[in-house]
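Chain by chain, the residues:
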Amino acid sequence: MNQKRIIQVDEKVPAAQMIPLSIQHVFAMFGASVLVPLVFGINADIVLFMNGIGTLLFILITHGRAPAYLGSSFAFLAPAQVVIAGLGFEYAQGGFVVVGLLGCVLALVVWKFGTDWIDVVLPPAAMGPVVALIGLDLAANTVAGGSTGANLLSSTTSVGDIVTFAVTLGVAIFASVLFRGFLSVIPLLVAMVCGYLSAVCFGLVDFSPLYNVSLFTIPHFHLAKFDTSAVLTMVPVLLVICTEHIGHQIVTSKIVGRDLLRDPGLHRSLLGDNLSSALSGLIGSVPTTTYGENIGVMAITGVYSVQVIAGAAVISILMAFIGPLSAFISTIPGDVIGGITFLLYGMIGASGLRILVDKQVDYSKNKNLILTSVVFVAGLSGAAIKLGDISITGMTLAAVTAIILSLIFYLLDRAHLMND
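Fair warning: this is a prediction, and the values are worked out from it, not measured in the lab.

Student: Quick one: what's the story with the overall build of the chain, residue by residue and with numbers?
Tutor: Regarding its fold elements, the chain presents 17 helices and 4 strands. Rg of the C-alpha trace for the chain: 21 Å, near the compact-globule value of 22 Å for 420 residues, within the 12% margin. For the C-alpha atoms alone, the extent of the chain along its principal axes is close to 70 × 55 × 45 Å. In the chain, which comprises 420 residues, the share counted as buried stands at 55%. Look at the contacts in the chain between residues 6 or more apart in sequence, and 82% of them connect residues 24 or more apart. For the chain, the computed accessible surface area is about 17400 Å², with 67% contributed by carbon and sulfur atoms. In the chain, which carries 17 positive and 21 negative side-chain charges, the distance between the mean positions of the two groups comes to 11 Å.

Here is the structure:
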């Protein structure tokens, strides 16, 4: 590794290099993944534990040929909060389990009928903007404050916030294009360390989580309970998570240079993703999903090794039991996380645009121009559709719009009614 090179999915990495590479993935996912249990009011240790177990399960089911880290899913936030308010978190868990099992059934359907239908419901002119929106839809979070972004839009923004964000982002950018050798594959880890030190200098780091922390902790396991109304509230999320999953697999395919929808197959990745969600919900955690932050890490570093992802999963499991470890990572301020995700989300957006280039989408055809235009505006306009307790907006609304419009265009084309 004297020069930066691609480390492919099935390549092994020496332990001395794998540990910092794996830590880099953990740092990238930590802020967003821990935010979900905080919103639900549950302990984050069980979530870190099941994130790790779910990732290892995903790797096993996909035969180690699809690099993906499974973190906490945001798609369930709105309906789960409704169920929690009325019945309690245990009944929300029941909804997680049922949706996960339905996703497993969908995986069997995909196994039976294949993936050719994807080109019909999401042709390149529609898939490109949908994938781009996976990153662009999250872009505002990078500067909007909270656990997943910097504190740049608040009235309390300080010079320290701005400098910490700028140092983190600046080091990430220039380390990615200037570093050589092993440092060239851990630019984000280096950027986080520099950003953290800047935050310490400006007094932005809250060390209180490290006070009186227990050396060993045990995650809080509790079984799911089931209620028909709670389950029905959750079921519509299945469309959201499956669309998101397909988008993630396509953008990862572009990054690693392999068609993951065919090998190991969309049916395997769907099964791994949804079985992980079902098991997580069953024992007290939140649903999981393949994480855009970690896809961005792979895009920037050129390290796609599943071994590195598995190492990150093991670290996540250890964090659930080693109190000081999880407590330390929780001290990372949002300005650092925001500086990193600013670059990561942009890389995902660029990967979507790459689909349009690689597939040589012909915009002299009206249907392609209309598809891309409408999908982008549907995702970025802030428009929303309410289905019961589910609000379809952003990337999800864009995906639904893309599917419906693509199907209509397909039928019109088969009827020879299109003016193209």
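Next comes the rest of the description.
Student: Before we move on, can you summarise the pattern of salt bridges with the specific residues and values?
Tutor: Pairs may arise between side chains of opposite charge once their charged atoms sit close together. The final tally for this structure, using the stated rule, is 6 salt bridges. Of the charged contacts in the structure, one is a salt bridge between arginine 262 and aspartate 259, with a shortest N-O distance of 3.4 Å. With relative accessibility at 55%, the residue arginine 262 sits in the exposed group. Overall, aspartate 259 belongs to the partly exposed group, its relative accessible area being 38%. One salt bridge in this structure joins aspartate 358 and arginine 354, with 3.1 Å as the shortest N-O distance. Of the two residues, aspartate 358 and arginine 354 are both situated in helix α15 (residues 334–358); the distance of 4 residues between them amounts to about one turn of the helix. Connected via shared salt-bridge partners are Asp116, Asp259 and Arg262.

Student: Now, about helix α7 (residues 159–178): what can you tell me, with residues and values included?
Tutor: The end-to-end C-alpha distance of α7 is 27 Å, a good match for the 28 Å that 20 residues give at a rise of 1.5 Å each. Listed in full, the buried residues belonging to α7 are Gly160, Asp161, Thr164, Phe165, Thr168, Leu169, Gly170, Ala172, Ala175 and Ser176.

Student: Before we move on, can you summarise the packing of aromatic side chains with the specific residues and values?
Tutor: Centre distance and the angle of the planes are the two values used to describe a pair of aromatic rings. Considering all chains together, one arrives at 8 aromatic pairs under this definition. Aromatic pair phenylalanine 76 and phenylalanine 96: ring centres 5.4 Å apart, planes at 85°, arrangement edge-to-face. Here phenylalanine 76, found in the loop between β1 (70–72) and α3 (77–86), pairs with phenylalanine 96, found in helix α4 (residues 89–113); they are 20 residues apart in sequence, far enough to count as distant. The pair phenylalanine 76 / phenylalanine 96 is uniform in exposure class, with both members buried. Where tyrosine 196 meets phenylalanine 328, the ring centres are 5.5 Å apart and the plane angle is 55°; that geometry is what we call tilted. Taken together, the residues span a long stretch of sequence, with tyrosine 196 in helix α8 (residues 187–201) and phenylalanine 328 in helix α14 (residues 323–329) at a distance of 132 residues. Accessibility expressed as a relative area gives 11% for tyrosine 196, which makes it buried. Connected via pairs of aromatic rings, a cluster forms that spans Phe40, Phe76, Phe89 and Phe96.

Student: Provide a residue-level description of the nonpolar core, including the pertinent values.
Tutor: Among the nonpolar cores identified, the biggest contains 112 residues, and Phe40, Phe96, Met127, Leu188 and Met234 are the most heavily contacted of them. Looking at this core element by element, the count peaks at 11 residues for helix α1 (residues 15–40). Each residue touching methionine 127, except ones within four places of it in the same chain, is listed here: Ile118, Leu122, Ile246, Ile250 and Ile355.

Student: Describe the packing of helix α6 (residues 124–136) against α15, with residues and values.
Tutor: Axis separation between α6 and α15 bottoms out at 6 Å; the angle between their running directions is 175°. Judged by the angle between their axes, α6 and α15 are roughly antiparallel. On α15, the residues that touch Pro124, Ala125, Met127, Gly128, Pro129, Val131, Ala132, Ile134, Gly135 and Leu136 of α6 are Tyr345, Ile348, Gly349, Gly352, Leu353, Ile355 and Leu356. In terms of residue class, the contact of α6 with α15 is built from 13 nonpolar, 4 polar and no charged.

Student: Tell me what's going on with a nonpolar patch on the surface, and back it up with residues and numbers.
Tutor: Where nonpolar side chains cluster on the molecular surface, the patch consists of Val200, Phe207, Leu210, Tyr211 and Phe328 and spans about 440 Å² of accessible area. Mapped onto the elements, leucine 210 comes out in the loop between α8 and α9 (228–234). The exposure class of leucine 210 is partly exposed, given its relative accessible area of 31%.

Student: So, α4: which residues are in play, and what are the values?
Tutor: The α-helix advances 3.6 residues per turn, and as a result positions three or four apart in sequence lie on the same side. In this model α4 runs 36 Å from its N-terminal to its C-terminal C-alpha over 25 residues, within 8% of the 36 Å that 1.5 Å per residue would give. Positive backbone phi, at 80°, marks glycine 114, one or two positions downstream of α4.

Student: Account for the state of the cysteines, naming residues and giving values.
Tutor: For the structure shown, the criterion picks out 0 disulfides. Left unpaired, cysteine 194 is separated from the closest cysteine sulfur, that of cysteine 201, by 11 Å. The structure places no disulfide on cysteine 242, whose sulfur is separated from the nearest cysteine sulfur, that of cysteine 104, by 10.0 Å. The class of cysteine 242 is buried, set by a relative accessible area of 8%.

Student: Outline unusual backbone geometry, listing residues and values.
Tutor: Between aspartate 263 and proline 264 the backbone carries a cis peptide bond, its omega angle lying at 15°. By the element assignment, proline 264 lies in helix α11 (residues 261–283). Of note in the backbone geometry, asparagine 212 takes a positive phi value of approximately 55° without being a glycine. Along the chain, the position of asparagine 212 falls in the loop between α8 and α9. One non-glycine residue with positive phi stands out, namely glutamine 360, at about 50°.

Rules and cut-offs
Residues numbered from 1 in each chain as written. Predicted model: local features only at pLDDT ≥ 70, side-chain atom pairs only at ≥ 80, totals over all residues. Heavy atoms only, no water. Helix = DSSP H or I, 4+ residues; strand = E, 2+ residues; numbered from the N terminus. Rg over C-alpha atoms; globule rule 2.2 N^0.38 Å. Buried < 20%, exposed > 50% of the residue type's maximum accessible area, 1.4 Å probe, protein only. Contact = heavy atoms within 4.5 Å. Areas by Shrake-Rupley, 256 points an atom, 1.4 Å probe, with all protein chains shown as cover. Lys, Arg positive; Asp, Glu negative; His and termini not counted. Charge placed at Lys NZ, Arg CZ, Asp CG, Glu CD. Salt bridge = Lys/Arg side-chain N within 4 Å of Asp/Glu carboxyl O. Expected span 1.5 Å × (residues − 1). Phe/Tyr/Trp six-rings, centres within 6.5 Å; stacked < 30°, edge-to-face > 60°. Core = buried A, V, L, I, M, F, W, Y, C linked by side-chain atoms within 4.5 Å. Axes fitted to C-alpha atoms, helices over the stretch in contact; angles between N-to-C directions. Parallel < 35°, antiparallel > 145°, perpendicular 65-115°, else oblique. Nonpolar A, V, L, I, M, F, W, Y, C, P; charged D, E, K, R; others polar. Patch = residues over 30% accessible without salt bridge, like charges linked within 9 Å, V, L, I, M, F, W, Y side chains within 5 Å. Disulfide = S-S within 2.5 Å.

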